[in-house]
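# Fold and contact review
Here is how the chains run, residue by residue.
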Amino acid sequence: MNIHEFQAEQLLAQYGVPVPPGEVCGTAAAAKKAAESLFAKGDALVVVKSQIHAGGRGKGTFQSGFQGGVKLCQSAAEVFEMAAAMLGQVLVTKQTGPEGRVVSKVLVTSAPAIKRELYCAVLLDRALARPILMASTEGGMDIEQVAAGHPEKIIRESIDPAAGFLPFQGRKVAVALGLRGDLIAAGVKVFAGLYRTWWECDASLVEINPLCVIAGKDGKDSLLAIDAKMSLDDNALYRHPNIQAMRDLAEEAPLEIEASKFNLNYIKLDGSIACLVNGAGLAMATMDIIQHFGGQPANFLDVGGGASKEQVTAAFKIILSDPNVKGILVNIFGGIMQCDIIAAGIVAAARETHLNLPLVVRLEGNNAQLGKQILRDSGLPIISGDSMADAAQKVVKAVGR
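None of these values were measured; they are calculated from a predicted model.

Along its length, the protein chain carries 13 helices and 19 strands. Its C-alpha atoms put the protein chain at 80 × 50 × 40 Å along the principal axes. Expressed as a percentage of the 401 residues in the protein chain, the buried residues total 49%. When contacts within the protein chain are restricted to residue pairs at least 6 apart in sequence, long-range pairs at least 24 apart make up 69% of them. Of the roughly 18,600 Å² that the protein chain leaves accessible, carbon and sulfur atoms contribute 54%. A distance of 1 Å separates the average location of the 38 positive side-chain charges in the protein chain from that of its 41 negative side-chain charges.

This is the structure:
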């Protein structure tokens, strides 16, 4: 699950990470009032930031023609004008795709004088099977671009989960980033808070980009998390009702929301051949082999290792809700799953949904022969696939692509 920038900042602040003062607003009038409060406290600049689950907002374009989802303002009147231009409008960025996202909230926050921009994040290093603190002097840039062009500028510090994040590791990273004097201790505090947020919230990623060195009003430099991104592990959300409450369904695809109600892992894609598979690895391989034989997958859909007849029926309904789907490939390997139960679910779903699209089914493993017999006895025009390659070729041929 993803959350908004302002929500990520709220969680980081709970763990001692300094974030700029601000307020999330749903109307231009509320944005103006929040800006007036900030200007009254002595801020020279205020920033208005569109809140959507996507990066590249500052370089994005609204479908209305308005340019940029992040704007610096010098007055409350200007904040009102910018917020009015953003709220209720569709913002298109590199990460949203051409359909864009509707901006329903803006974050109005202080815009301090920035001296340096840094990057830091905590995520799981799957190769090491440990969390790592990743940092770079190239803040404000996409970390993927830094990794591709300047891999030497990425600092990685592995963390032993049994010991937790240790102060010496924070000092090591702070020095590597070029922080000096009091900023080293400030850096240790930020990195420790970043790790605690990741660990205690069961996050998959917590990212601060940029982490800024700012000029304080007292003349001393300090660190401030100017922008934050956070992704949570869905499987651990039951432990965090406060984070679950942060879910914004308006930012999620309707079919993906429906799939989550039945514990199905579904991601819509742009192709015409729908996939219904048990197991994420097999689902990925199924999409690959469809593409290998000239087709385009319409979705990723993993029904899990123990799907019920009801889940299979729900999966079919979700698949058929996509108007781009021209054919369906069911690819099941029965380990925990029993192929006869899946076959009965397929037959029930095909009848209940009055399926009239080509349906190719490949069953292997536990009770596969019984499952195939159920499909044959159904009287439905179900095409049997003898292998993954055979099933993929048949469904691609059936949809004419």
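Right, picking up where we left off after that structure.
To continue, consider the state of the cysteines. According to the stated counting rule, one finds 0 disulfides in the structure shown. Free of any disulfide, cysteine 25 has its nearest cysteine sulfur in cysteine 73, 12 Å distant. On the basis of relative accessibility, which here comes to 0%, the residue cysteine 73 falls in the buried class.

Right, let's talk about the sheet that holds strand 5 (residues 90–92) for a bit. The sheet built from 3 strands is open, its strands ordered 3-5-6 with antiparallel pairing. Since the sheet does not close on itself, it has two edges, and those belong to strand 3 (61–62) and strand 6 (101–102), each with one partner. Inspection of the sheet shows strand 5 paired to strand 6 by 2 bridges, in the antiparallel sense. Residue pairing across strands places valine 90 opposite valine 102, the latter belonging to strand 6.

So, about the pairing of strand 12 (residues 221–225). Examined bridge by bridge, strand 11 (residues 203–215) and strand 12 share 5 bridges and lie antiparallel to one another. Residue pairing across strands places isoleucine 214 opposite serine 222, the latter belonging to strand 12. Connecting the antiparallel pair strand 11 and strand 12 is a turn made up of 5 residues, with glycine 219 showing a positive phi of about 90°.

The interhelical angle for the contact between helix 5 (residues 167–176) and helix 6 (residues 182–200), taken along N-to-C directions, is 120°, at an axis separation of 8 Å. Classified by the angle between their axes, helix 5 and helix 6 sit oblique to one another. Crossing of helix 5 against helix 6: the hand is right-handed. Side by side, helix 5 and helix 6 meet where Pro167, Gly170, Arg171, Val173, Ala174 and Val175 of the first sit next to Ile184, Val188 and Phe191 of the second. Grouping the constituent residues of the contact of helix 5 with helix 6 by class yields 7 nonpolar, 1 polar and 1 charged.

Moving on to the side chain of aspartate 202. Mapped onto the secondary structure, aspartate 202 falls in the loop between helix 6 and strand 11. Of the polar contacts made by the side chain of aspartate 202, one reaches the side chain of arginine 239; its length is 3.1 Å. Discounting chain neighbours no more than four positions away, the residues touching aspartate 202 are Leu232, Asp233, Ala236, Arg239 and His240.

On to helix 3 (residues 76–86), then. Every buried residue of helix 3 is accounted for by Ala76, Val79, Met82, Ala83 and Met86. One side of helix 3 holds all its buried residues, which, seen down the axis, span an arc of 120°. The inward-facing, buried residues of helix 3 abut helix 2 (28–40), strand 2 (46–50), strand 3, strand 4 (70–73) and strand 7 (106–110). A positive phi of about 80° marks glycine 88, the residue just after helix 3.

Quick notes on the rules
Positions within a chain are numbered from 1, following the residues in the order the chain's sequence is written. Selection of residues for local features in this predicted model requires a pLDDT of at least 70, selection of side-chain atom pairs for listing and counting requires 80 or more, and totals for whole chains, interfaces and linings are taken over all residues. Just so you know, side-chain values use all the structure's heavy atoms and leave hydrogens and water out. Secondary structure follows DSSP: runs of H or I at least 4 residues long count as helices, runs of E at least 2 residues long count as strands, and numbering of each begins at the N terminus. Whether a residue is buried, partly exposed or exposed follows from its accessible area with a 1.4 Å probe, protein chains only, as a fraction of its type maximum: under 20%, in between, or over 50%, in that order. Contacts were defined at the residue level, with two residues in contact if any of their heavy atoms lie within 4.5 Å. Each accessible area is a Shrake-Rupley estimate made with a 1.4 Å probe; only the visible protein chains count as cover when residues are assessed. Charge assignment: positive for Lys and Arg, negative for Asp and Glu; neither His nor the chain ends contribute. For this purpose, a charge sits on NZ of Lys, CZ of Arg, CG of Asp or CD of Glu. Two cysteine sulfurs form what is called a disulfide whenever their separation falls within 2.5 Å. Should DSSP find at least two bridges between two strands, the strands are taken to pair. What counts as an axis is a line fitted to C-alpha atoms, over the stretch in contact for a helix, and the angles between N-to-C directions run from 0 to 180 degrees. Should an angle fall under 35 degrees it is taken as roughly parallel, and over 145 as roughly antiparallel, whereas 65 to 115 is taken as roughly perpendicular and any remaining angle as oblique. By convention the crossing between two helices is left-handed if the near helix lies anticlockwise of the far one by an angle smaller than a right angle, and right-handed if it lies clockwise. The nonpolar class holds Ala, Val, Leu, Ile, Met, Phe, Trp, Tyr, Cys and Pro. Asp, Glu, Lys and Arg form the charged class, and all remaining residues, Gly among them, are polar. Polar contact is defined as a pair of N or O atoms within 3.5 Å, subject to the rule that within protein one atom must be able to donate a hydrogen and the other to accept it, and that residues adjacent in sequence are counted only when both atoms are side-chain atoms. Within this analysis, the arc is defined by the directions that extend from the helix axis to the C-beta atoms.

Distances and angles like these do not, on their own, reveal function.
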